[in-house]
Amino acid sequence: MITPRKVRNHLFIALFCSVALFFSAVIISAAFKNYFTPQNVAGRLTREIAASCQELDAEIDKLASVNLEDNSSWYHVFNKKFRNAFSDRGIEILVYKNDSLRFWTSNVFAAPVMRDSQNFPTEVIRTGSGYYLVRQKQIRNFHVVALQLIRYDYRYVNDYLPNGFYKKFSAPANATITLSRGNYEILNPDGKFLFSLMYEQPFELAIWLQYLVFALYVSSFLFLISALFLLYIIVSKDIRPKWMVFIAFILDVIILRALQFYFRFPADLYQVTLFNPAYFASSDLLPSLGDFLINSLIGVQLTFLAYKYQFSLRIGSQISAFKKQIAVSVSILLLVVLYYLLTETIKGLVINSSISFRFENILSLPHISHTGMLIIGCLLFGFLLIFELAGKLFFRWSVDRLTFVVAAISGLILHGAFTFMLGNFDPLASLFLLILFAILLFKINEKTNVTYQVSRVILLVIVLSVLATNLLNRSETLREHQKRSLLASHLSDARDNLAEYFYNEAAKSIRSDNKLKTLFKGDDTDSTMNEI
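Just so it is clear, the structure is predicted and the values come from calculations on it, not from any experiment.

Concerning the packing of helix α5 (residues 207-235) against helix α6 (residues 242-262)
Here is step 1 of the chain: Two elements in contact, α5 and α6, have axes separated by 11 Å at closest approach and are oriented at 150°. It follows that α5 is roughly antiparallel to α6 by the angle criterion. Regarding α5 and α6, the two cross each other, and that crossing is right-handed. Here α5 contributes Phe221, Ile225, Leu228, Phe229 and Tyr232 to the contact with α6, which in turn contributes Val245, Phe246, Ala248, Phe249, Asp252, Val253, Leu256 and Arg257.
Here is step 2 of the chain: Its residues assigned to classes, the contact of α5 with α6 comprises eleven nonpolar, no polar and two charged.

Quick look at the structure:
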């Protein structure tokens, strides 16, 4: 039994968790932002460069103790100590004898075969793969060059070509290197200028940190909603009817969410990648995937509270059959409306986003696709709770099968007619709604009001999963067709003179290609080339 004392204790716990999570997010975000301020990064990177200089000098000194003329000794040392030096530590060793390259530890660095004064003129050099710290020493007729990768500098970025600073340096990814003097200079241990840091892009936390901050802020808000709900339980102890209290609570939650959305509070939350409209944007009220996810989580929480505490109409069996029919009809109408909103919301999530929902390999999907899947899961789970709550209401109202069947058929006809008038009638959607009503009929036929029947809930989960999969596949196909149509319209438009020029040049080259004519020698060459 939940006593008023327990409710107060739960209220204090919810408030404490809300405040603790909120300030945890604030502290974590502020700490990492302070850690990556340009001044702190420059000072820290200077110390890390000094440590790398000492490490490279130590490696050169070790090599100096080896018999440089003995090839077998060199091979043993290189194979034992430097076999994985670049992959593990970003270090590469070059050994020149009489200015000719004799030994090297990796092929990543494009080492010159012949050394001259122009090859390694400064302590930091830039090559096609990145920026390298250079330490070198002359040992008799051998010249040893030790290189430490500082930052990758590939022209293209993909899964196989990394970017940003090497892992032993703690500079952020948005910091770039310039070999000219600037505001944030990096010096060697002797105080000599090496390079400067530039910040062309705004700083962003790492993806895992962004998700952590997002989770803390959203959890804080959800605990605040729980605290508000418990406060309503305490204040409205003697207020009747309870369902009016629950509606007032929902209105307060909507007001809180609207204020948080309008003032974009907290500001750190809206700097998370999820709020980038490049991933999703539907309207001014739903401008980002992050807002969509927050609204979905709040919706699940509200439906769970309604299902758990059953703030609902308590219509007894003593009321007239007419009033009972009205209540059942309104409930069925509400379920039909929610079902329509569910299907349209899932389709809108796909159509209005750039997220991939191709589930051939779920593990290879980007993190933003997993967020979309979480939103869909929240929508389906919330609808499942509402459906179960409706079943409880119908059982409590002692609804007979005939009344329910008539109301359900009317709801199906209304759903079909409405979607047909809108021009998006889908027979499969109506079929799934019919199956859902059939499952709900099983709930009405139960002899005892049990909390749930496992078999019925599993069947409901399967139907909703198949429904969501069908909606995702069809919406993904529709979006792909829309993209192709848009691309075709751009291709058919001759406004891009440069593209037309390159296309015509490529066509001329293909037509005059003798190798292609040889390949199609057995065919009518002219007609084949015209088709190409």
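Let's talk about helix α1 (residues 4-35)
Here is step 1 of the chain: Along its 32 residues, α1 runs 46 Å from first to last C-alpha, staying within 8% of the 46 Å computed at 1.5 Å per residue.
Here is step 2 of the chain: Where α1 is concerned, the buried positions are Val7, Leu11, Ala14, Ser18, Ala25 and Ser29.
Here is step 3 of the chain: At its buried positions, α1 is contacted by α5.

A short note on unusual backbone geometry
Here is step 1 of the chain: A cis geometry characterises the amide bond from Phe265 onward to Pro266, with omega recorded as -5°.
Here is step 2 of the chain: Within the secondary structure, Pro266 sits in the loop between α6 and α7 (289-309).
Here is step 3 of the chain: Even without being glycine, Asn98 reaches a positive phi, approximately 55°.
Here is step 4 of the chain: A relative accessible area of 53% places Asn98 in the exposed class.
Here is step 5 of the chain: Even without glycine at this site, Arg140 takes up a positive phi of about 55°.
Here is step 6 of the chain: For Arg140, a relative accessible area of 59% corresponds to the exposed category.

Focus on the nonpolar core
Here is step 1 of the chain: The biggest cluster of nonpolar side chains holds 79 residues, and the ones touching the most others in it are Phe214, Phe249, Ile332, Phe394, Phe404 and Phe437.
Here is step 2 of the chain: Among the secondary structure elements, those contributing two or more residues to this core are α5, α6, α7, α8 (321-351), α9 (367-396), α10 (401-422), α11 (427-444) and α12 (454-492).
Here is step 3 of the chain: In terms of residues, this core owes the most to one element, α9, which gives twelve residues.
Here is step 4 of the chain: One finds Ile91, Tyr131, Tyr152 and Phe169 within the second-largest nonpolar core, a separate group that totals 50 residues.

So, how was this worked out
- Residues numbered from 1 in each chain as written.
- Predicted model: local features only at pLDDT ≥ 70, side-chain atom pairs only at ≥ 80, totals over all residues.
- Heavy atoms only, no water.
- Axes fitted to C-alpha atoms, helices over the stretch in contact; angles between N-to-C directions.
- Helix = DSSP H or I, 4+ residues; strand = E, 2+ residues; numbered from the N terminus.
- Parallel < 35°, antiparallel > 145°, perpendicular 65-115°, else oblique.
- Left-handed = near helix turned anticlockwise from the far one by under 90°.
- Contact = heavy atoms within 4.5 Å.
- Nonpolar A, V, L, I, M, F, W, Y, C, P; charged D, E, K, R; others polar.
- Expected span 1.5 Å × (residues − 1).
- Buried < 20%, exposed > 50% of the residue type's maximum accessible area, 1.4 Å probe, protein only.
- Core = buried A, V, L, I, M, F, W, Y, C linked by side-chain atoms within 4.5 Å.

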